[in-house]
Amino acid sequence: MGPAGRLGGAVALVTGGASGIGRAVCARLAQDGARLAVADRDEAGAGVTVGGLHAGGGTPHAGSGGSPQPHAAFGVDVAEATSVTRLLDRIQEHFGSPPRICVGCAGITRDEFLLRMGEGAFREVLGVNLTGTFLVTQAVARALVAAGAPGGSIIHVGSIVGKVGNLGQANYAASKAGVEGLTRACAKELARFGIRCNAVLPGFIVTPMTDKVPPKVLEKFAGMVPLGRLGDPQDVADVCAFLASEDSSYITGASVEVTGGLFM
Ligand SMILES: NC(=O)c1ccc[n+]([C@@H]2O[C@H](COP(=O)([O-])OP(=O)(O)OC[C@H]3O[C@@H](n4cnc5c(N)ncnc54)[C@H](O)[C@@H]3O)[C@@H](O)[C@H]2O)c1
């Protein structure tokens, strides 16, 4: 896809854009012609992502105002309402319009067996993965409605674990199941503004997040995947690009599993 691309210079906010799946989503959306607002708690890492986009051909195109730097990095803590509100203000200041595409990739794990899990680890994971997704979605939707509802596509990153559960991940599974419910409610409420809301549910994708998973466990899961391999961030990014584009214009409230067939 050329720089004018099928996303036609739309502003795309990607949270968690400093690493793993988020970074791959940024690269793919930029390739499709979006102007990226790369947001992360790790602002330096978000800057590295933006550097990669510019080095990788993030050239000016129609809709970018001829700016040689169409992408920008922002620091944010998605679990903090004031930080998220400030992020949306800064994005609108920088790009002159709110993001019509939003992919919520910020997420954390704090794994522990239920019998040993502290309340803090439960609340922390819910705070980032679920409350964070709510806060970002609400802020983006409010900005779009205030701008006259020009349409939009909001993509939540859930997890197959939210459907099937996982040992040591009561907090994470609960947060990701919540994300799916949030997606469906938002889809119903935002449809009248022309804003679609969908979720992707990755299976095991090799990223810094899975570095913490013991190699023996990863091997076990790789052997269980019908398509015969663990996932790559690009596998998820490609589905996000589809959900961001008009190719999915009649899809809202859906959860798309990106698991290689694991847990069908
Ligand atoms: N890797 C997998 O196998 C897998 C599977 C299913 C779902 N997911 C989900 O995909 C998303 C991306 O995961 P990943 O594997 O790329 O992980 P990652 O750890 O590589 O990236 C997560 C990013 O989120 C950022 N982040 C964390 N807390 C934040 C906060 N409060 N505010 C802003 N940014 C914050 C981190 O700094 C990091 O850059 C997560 O939501 C994760 O739950 C991953």
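Residues numbered from 1 in each chain as written. Predicted model: local features only at pLDDT ≥ 70, side-chain atom pairs only at ≥ 80, totals over all residues. Heavy atoms only, no water.

J.: Where do I start with the site of the ligand in this structure?
T.: In the neighbourhood of the ligand, 28 residues make up the surrounding shell, with S19, I21, D40, Y172 and T207 lying closest. The contact in question runs from an oxygen atom of the ligand to an N or O atom on the side chain of S19, over 2.6 Å. For the ligand, an oxygen atom lies 3.3 Å from a polar atom in the backbone of G203. For the ligand, whose free accessible area comes to 830 Å², the fraction covered by protein is 93%. Listing elements by their share of the shell around the ligand, those giving two or more residues are α1 (20-31) and α6 (170-190). (Near = heavy atom within 4 Å. Polar contact = N/O pair within 3.5 Å; in protein donor to acceptor, adjacent residues only side chain to side chain. Areas by Shrake-Rupley, 256 points an atom, 1.4 Å probe, with all protein chains shown as cover. Helix = DSSP H or I, 4+ residues; strand = E, 2+ residues; numbered from the N terminus.)

J.: I keep staring at the nonpolar core and nothing clicks. Help me out?
T.: Residues L13, F74, L87, I91 and V140 are the most contacted members of the largest nonpolar core, which totals 35 residues. Elements supplying a minimum of two residues to this core: β1 (11-15), β2 (35-40), β3 (72-75), α3 (81-95), α4 (119-146), α6 and β6 (195-202). Discounting residues that sit within four places of it in the chain, L13 has contacts with A37, A39, L87, L88, I91, P99, I101, C102, V103, V136 and V140. Listed in part, the 31 residues of the second largest apolar core include I21, L29, A34 and L36. (Core = buried A, V, L, I, M, F, W, Y, C linked by side-chain atoms within 4.5 Å. Buried < 20%, exposed > 50% of the residue type's maximum accessible area, 1.4 Å probe, protein only. Contact = heavy atoms within 4.5 Å.)

J.: What's the story with the environment of V14 in this structure? I'm lost.
T.: Its place among the elements puts V14 in strand β1. Taking the C-alpha atoms as reference points, V14 and D89, 75 residues apart in sequence, are found 15 Å from one another.

J.: I would appreciate a short explanation of the confidence of the model for the chain in the present structure.
T.: Detailed reading of the predicted model is not advised wherever pLDDT is low. On average, the chain scores 93 in pLDDT, and the residues at 70 or more come to 94%. Of the regions scoring below 50 in pLDDT, residues 58-66 engages in 20 contacts with residues more than four places distant in sequence or in other chains. (pLDDT = per-residue confidence, 0-100.)

J.: It is not clear to me how the packing of α1 against helix α8 (residues 233-244) should be interpreted in this structure. Could you clarify?
T.: The axes of two packed helices give the description: the angle between them and the distance between them. Taken N-terminus to C-terminus, the directions of α1 and α8 make an angle of 50°; their axes are 8 Å apart at the nearest point. Considered as vectors, α1 and α8 are oriented oblique to each other. For the crossing formed where α1 meets α8, the hand is right-handed. Taking contact as the criterion, the partners of G20, I21, A24, V25, R28 and L29 in α1 are, on α8, P233, Q234, V236, A237, D238, C240, A241 and A244. Split into classes, the residues belonging to the contact of α1 with α8 amount to 10 nonpolar, two polar and two charged. (Axes fitted to C-alpha atoms, helices over the stretch in contact; angles between N-to-C directions. Parallel < 35°, antiparallel > 145°, perpendicular 65-115°, else oblique. Left-handed = near helix turned anticlockwise from the far one by under 90°. Nonpolar A, V, L, I, M, F, W, Y, C, P; charged D, E, K, R; others polar.)

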